[in-house]
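Listed here are the chains, written in short residue letters.
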Amino acid sequence: MTYRIAVLPGDGVGPEVVAQGVKVLCALEAPFGIRCELQEGLVGGAAIDATGDPLPEATLQLCRDSQAVLFGSVGGPKWDDLPPDKRPERGLLRLRQALDLFANLRPAKLYNALIEASSLRPEVVQGIDLLVVRELVGGIYFGQPRGIEPDASGERGINTMSYSSAEIARIARLAFDLARRRRGRVTSVDKANVLDVSVLWRREVTELAGGYDDVELEHQYVDNCAMQLIRDPRQFDVIVTSNLFGDILSDVAAMLTGSIGMLPSASLGGTVGVFEPVHGSAPDIAGQGIANPIATVNSVAMMLQYALDESHAAQAVESAVERVLNQGYRTADVMRPGATQVGTAEMGDLVCAALNDTAASAG
Ligand code: NAD
């Protein structure tokens, strides 16, 4: 099979880690017969510098004409003083809206080899395997009215959190469908003791659960969920929540597993999905060749699974990553005494080599 993939490296460590994701995609040809036509596009600060727009029309068109998008990261100090509408991050928000990517999937799975990299005790984190399903194009990040306006005391900042029944139902349905393919448990997270929008959220999710007898539904308030993620993260299978709560909780879940450099994500909804590491452009380490590319490599695995329906290849990529970690190779962010420290490109090469070895021994 030949797939058309748009590659948007972006800023900071984005190009460094995306190059490793591309290597892995190319390494799938021999063992799996998967060929990718890769075409690069500008996004974020790189696009602002070249065109004045963080999401040029040509990039958007490239994404629309592709079967999936591999995205790096955007942003950095160089563009921090631009007005909010012109900043690199706005390019990503616009891309999500234009492609109607209403769901962001962030798995957090602990590799046994990295158990010591977590800030929590091994007995608390061993075996974590959860998926945060975050609503991505609604809620307080997009609600109107918004802005800063004068008032009697000086100024007032305003944002609005709003969800329609339809917006809640479509993200909840996806969470229930995903739970069916996992351990059959959904935790819906809201703040229904305080927020009206959460009362509607809880009502809609409960109603939808009636059609999923095989999935167990639990509701948690967001503050309790944050606490439970630290106290006993193994209780969770699928967590479904709004844009703002999901943004925060998925970063908490991220740290349970050791490093944000390990965590992939998929944004789904419309016809073309975007696959990207959870982390940002990491300006503090950009250009040093030390960023962990595994989040991006695992995002390629999610692309194979969710966009290209190549689940064997997806599993092979995940196994290759695990194999390299079991062999004791680590990037600086998850380094421990006795392990072998490698840079970004070397880690990409090791995963490709492990992929070939795994395929050779299977074949
Ligand atoms: P960040 O995720 O870029 O970095 C947070 C910390 O994690 C830093 O110490 C960084 O060195 C480390 N880190 C991140 N990725 C890593 C990797 N692959 N390997 C090893 N260590 C890694 O978050 P930030 O510092 O808050 O944001 C930096 C810039 O990125 C900002 O401009 C922000 O707006 C942008 N950002 C972009 C995205 C995106 O493109 N999706 C997401 C978050 C932040």
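Residues numbered from 1 in each chain as written. Predicted model: local features only at pLDDT ≥ 70, side-chain atom pairs only at ≥ 80, totals over all residues. Heavy atoms only, no water.

Trainee: Mind laying out the environment of histidine 219, listing which residues take part and the relevant values?
Mentor: Looking at the element boundaries, histidine 219 is found in strand 9 (residues 216-221). With 218 residues separating them in the primary sequence, histidine 219 and methionine 1 have C-alpha atoms 42 Å apart. Residues contacting histidine 219, with those up to four places away along its chain left out, are Ser188, Asp190, Arg202, Val205 and Thr206. Within the local environment of histidine 219, its side chain forms a polar contact with the side chain of threonine 206, the two groups lying 3.0 Å apart. (Helix = DSSP H or I, 4+ residues; strand = E, 2+ residues; numbered from the N terminus. Contact = heavy atoms within 4.5 Å. Polar contact = N/O pair within 3.5 Å; in protein donor to acceptor, adjacent residues only side chain to side chain.)

Trainee: I'd like to hear about helix 5 (residues 88-98), residue by residue, with values.
Mentor: Taken together, the buried positions of helix 5 are occupied by Pro88, Gly91, Leu92, Leu95 and Arg96. Projected down its long axis, helix 5 shows its buried positions confined to an angular sector of 135°, all on one face. In this structure, the buried residues of helix 5 make contact with strand 1 (2-10), helix 3 (44-51), helix 4 (57-64), strand 3 (68-73) and strand 12 (273-277). In the stretch just after helix 5, aspartate 100 is the one whose phi turns positive, near 55°. (Buried < 20%, exposed > 50% of the residue type's maximum accessible area, 1.4 Å probe, protein only. Arc of directions from axis to C-beta.)

Trainee: Just give me the short version of the nonpolar core, but keep the residues and values in it.
Mentor: Among the nonpolar cores identified, the biggest contains 87 residues, and Ile5, Leu105, Val133, Phe176 and Leu304 are the most heavily contacted of them. Residue contributions to this core peak at eight residues, all from helix 12 (residues 311-326). Shared between two domains, this core holds at least three residues of each, these being domain 1 (1-103 + 258-363) and domain 2 (119-256). When sequence neighbours within four positions are dropped, the list of residues in contact with phenylalanine 176 reads Val186, Val205, Leu208, Ala209, Tyr212, Val215 and Leu217. (Core = buried A, V, L, I, M, F, W, Y, C linked by side-chain atoms within 4.5 Å. Domains from an automatic or database assignment.)

Trainee: Break down the site of the ligand for me, with residues and values.
Mentor: Residues in close proximity to the ligand total 19 residues, the closest being Val74, Glu89, Gly280, Ala282 and Asp284. Here an oxygen atom of the ligand and a side-chain polar atom of glutamate 89 are 2.4 Å apart. Interatomic distance of 3.2 Å between a side-chain N/O atom of histidine 279 and a nitrogen atom of the ligand. Here the ligand, which alone exposes 810 Å², has 68% of that area covered by the protein. Within the shell around the ligand, the residues separate by chemical class into seven nonpolar, eight polar and four charged. (Near = heavy atom within 4 Å. Areas by Shrake-Rupley, 256 points an atom, 1.4 Å probe, with all protein chains shown as cover. Nonpolar A, V, L, I, M, F, W, Y, C, P; charged D, E, K, R; others polar.)

Trainee: Describe in detail the side chain of glutamine 220, supporting the description with residues and values.
Mentor: Relative to the helices and strands, glutamine 220 resides in strand 9. In this structure glutamine 220 comes out as buried when scored by relative accessible area, which is 3%. What glutamine 220 contacts, discounting residues up to four positions off in sequence, is Thr187, Ser188, Val189, Asp190, Arg202, Cys225, Gln228, Gln235 and Phe236.

Trainee: An account of the packing of helix 1 (residues 14-26) against helix 11 (residues 294-306) is requested, with residue identities and associated values reported.
Mentor: The geometry of helix 1 relative to helix 11 is characterised by a closest axis approach of 8 Å and an angle of 40° between their N-to-C directions. Overall, the two elements helix 1 and helix 11 adopt an arrangement that is oblique. Note that helix 1 runs across helix 11; the crossing there is right-handed. Together, Val17, Val18, Gln20, Gly21, Val24 and Leu25 of helix 1 and Thr296, Val297 and Val300 of helix 11 make up the contact between the two elements. Among the residues forming the contact of helix 1 with helix 11, the class breakdown is six nonpolar, three polar and no charged. (Axes fitted to C-alpha atoms, helices over the stretch in contact; angles between N-to-C directions. Parallel < 35°, antiparallel > 145°, perpendicular 65-115°, else oblique. Left-handed = near helix turned anticlockwise from the far one by under 90°.)

Trainee: Explain helix 8 (residues 196-209) to me, and be specific about the residues and the numbers.
Mentor: Taking 1.5 Å of rise per residue, the 14 residues of helix 8 would be expected to cover 20 Å, and the 20 Å separating its terminal C-alpha atoms lies within 8% of that figure. Those residues of helix 8 lying buried are Val197, Ser198, Trp201, Glu204, Val205, Leu208 and Ala209. Along the long axis of helix 8, the arc covered by the buried residues comes to 140°, so they all point the same way. Summarising the geometry of helix 8, the exposed residues directed more than 90 degrees from the buried face are Asp196, Arg203 and Glu207. The elements touched by buried residues of helix 8 are strand 5 (129-135), helix 7 (165-180), strand 8 (185-190), strand 9, strand 10 (238-241) and helix 10 (243-256). (Expected span 1.5 Å × (residues − 1).)

Trainee: Report on the domain arrangement of the chain, specifying residues and quantitative values.
Mentor: One can read the domain layout of the chain as domain 1 (1-103 + 258-363) and domain 2 (119-256). Taking only C-alpha atoms, the centre of domain 1 and the centre of domain 2 are 25 Å apart. Taken together, the contacts link 15 residues of domain 1 with 15 residues of domain 2. Buried surface at the junction of domain 1 and domain 2, summed over both partners, amounts to about 1,300 Å²; 65% is from carbon and sulfur atoms. If you look at where domain 1 meets domain 2, you find one salt bridge. Its salt-bridge partner being arginine 170, residue aspartate 100 comes within 3.7 Å of it at the nearest N-O pair. Taken together, the connections running from domain 1 to domain 2 amount to one residue pair in polar contact (both at pLDDT 80 or more). Counting residues per element, the side of domain 1 that touches domain 2 draws most heavily on helix 5, at four residues. Taken together, the residues of the side of domain 1 that touches domain 2 break down into eight nonpolar, four polar and three charged. (Buried area = accessible area lost by both parts, 1.4 Å probe. Salt bridge = Lys/Arg side-chain N within 4 Å of Asp/Glu carboxyl O.)

Trainee: Explain the sheet that holds strand 5 residue by residue, including any values.
Mentor: In a beta sheet, neighbouring strands pair by backbone hydrogen bonds and run either parallel or antiparallel. One open sheet accounts for 10 strands, arranged 2-1-3-12-11-4-5-10-8-9; its pairing is mixed. Unpaired on one side and paired on the other, strand 2 (35-40) and strand 9 mark the two borders of the sheet. Direction aside, neighbouring strands of the sheet carry axes that sit 25° apart on average. Pairing of strand 1 with strand 2 involves six bridges; the strand directions are parallel. (Pairing = 2+ DSSP bridges.)

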